[in-house]
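# An overview of the molecular structure
Residue strings, one per chain:
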Amino acid sequence: MTTYVARFPAEADRHRAPSLLDGALHAHLTPEGCDLGYWFRAVPEGTLGGHPMGRSPDVPVPAHMMADGPLREAVMQELAFRSMAEEKAARAIAFLVAHAPDLAGMDFYTSQLMDEARHAYAFRGHLLELGVPQEELEATMESLAGADRDAVLTPLEEFGLSVMEKDRDYIGGVITLTVLVEGVLAPTAELSERKWRPFDPPAAEIERAAGIDEIRHLSVGTTIARRHVRRHPEEVNRIRELVARGAELWSRLPVQQLTSRREHLYQQGLEQHRDLAGDYELWPGRRLVDTTPEERMLAAAEWARATQDARLADMGLTP
């Protein structure tokens, strides 16, 4: 029997890190503690295990995921959309790097930019593993998720860039990224990791590695915002107004329709491959095969609310 020897901080260790949901709710990290040295020591080997896609190279893509059908279509739609989202995040974070008021912030957001770019790379990479030809990758992604990108991601990007690029508002950008983007999308990523484990283990591993990164992003972003609020209490009302404007934007986006469409497609695949899911539990006491699209969507929405509430409270921004 081999004894595992911890070499990396727990939150960055693929063997010991908490779930994305638990980490998003409870982790407390600082930009000084998660500097470039931390990233180079902990992430390439601790989180990714030496694999740029963050997955075990000896875990093959199952044959049923290579065959046309609702499961393959569902994961491909998800991955294409996620890759587009991560690409936009990486480009936006460049403005946080540029406008960071201190070296700790600049170094941290440099590492986060690299994380988001890698996530986009990994999600694209799994599309290739699923049989999409390299020369058709961009066109395939456009077909799978171009309309959803335009309906959901583009308005979010425009909102974020109005804060980060136009207004050069560093702390506003940190809040936008931590609360309005990652704070909402992280629970969806947690659900994605869980629901693909029985059907597409490589996709679940890729999601797991990305989720470990997101724990760090959410926690450090919260620390930066909390420090700013404590030093500048006169900024509280302005920041709350920014959060309210972002929340109002989210309420107008067709996110529920997008998610419902994918979850119903996934449900079709789940019904076809119930034997593969067996008694696997999506969360304690609830078997995946017994869940419905609406139940999964409700769970993700509740997780998102809990994550946002916890982060706002930690920042000192609750009423």
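Attention here is on the structure that accompanies the text. (Residues numbered from 1 in each chain as written. Predicted model: local features only at pLDDT ≥ 70, side-chain atom pairs only at ≥ 80, totals over all residues. Heavy atoms only, no water.)

With 62 residues, the main nonpolar core has Leu 127, Ile 175, Trp 196 and Phe 199 as its most contacted residues. Apart from the residues within four sequence positions on either side, Ile 175 is in contact with Leu 180, Ala 225, Ile 239, Leu 242, Val 243, Met 315 and Leu 317. Counting 18 residues, the second largest nonpolar core, distinct from the first, contains Ala 12, Leu 96, Met 164 and Leu 177. (Core = buried A, V, L, I, M, F, W, Y, C linked by side-chain atoms within 4.5 Å. Buried < 20%, exposed > 50% of the residue type's maximum accessible area, 1.4 Å probe, protein only. Contact = heavy atoms within 4.5 Å.)

Further remarks concern the environment of Leu 177. Its location among the elements puts Leu 177 in helix 6 (residues 170-196). Looking at Leu 177, the relative accessible area reads 5%, which means it is buried. When the C-alpha positions of Leu 177 and Gly 160 are compared, they lie 7.8 Å apart, and in sequence the two are 17 residues distant. (Helix = DSSP H or I, 4+ residues; strand = E, 2+ residues; numbered from the N terminus.)

A few words now on helix 7 (residues 201-231). End to end, helix 7 covers 45 Å across 31 residues, agreeing with the expected 45 Å (1.5 Å per residue, within 8%). Across the 31 residues that make up helix 7, a large majority, 26, are buried. (Expected span 1.5 Å × (residues − 1).)

Its location among the elements puts Arg 296 in helix 11 (residues 293-315). For Arg 296, a relative accessible area of 0% gives the class buried. Setting aside residues up to four positions removed in sequence, Arg 296 forms contacts with Leu 191, Glu 263, Tyr 266, Gln 267, Leu 270, Leu 282 and Thr 291.

Under the criterion given, the structure shown has 30 salt bridges. Put simply, Glu 129 and Arg 55 hold a salt bridge, and the shortest N to O gap is 2.8 Å. With Glu 129 in helix 4 (residues 103-129) and Arg 55 in the loop between helix 2 (36-47) and helix 3 (70-99), this pair connects stretches of sequence that are 74 residues apart. Judged by its relative accessible area of 5%, Arg 55 falls in the buried class. Arg 286 is the salt-bridge partner of Glu 295, the closest N and O atoms lying 2.9 Å from each other. For Glu 295, a relative accessible area of 23% corresponds to the partly exposed category. The class of Arg 286 is partly exposed, set by a relative accessible area of 26%. (Salt bridge = Lys/Arg side-chain N within 4 Å of Asp/Glu carboxyl O.)

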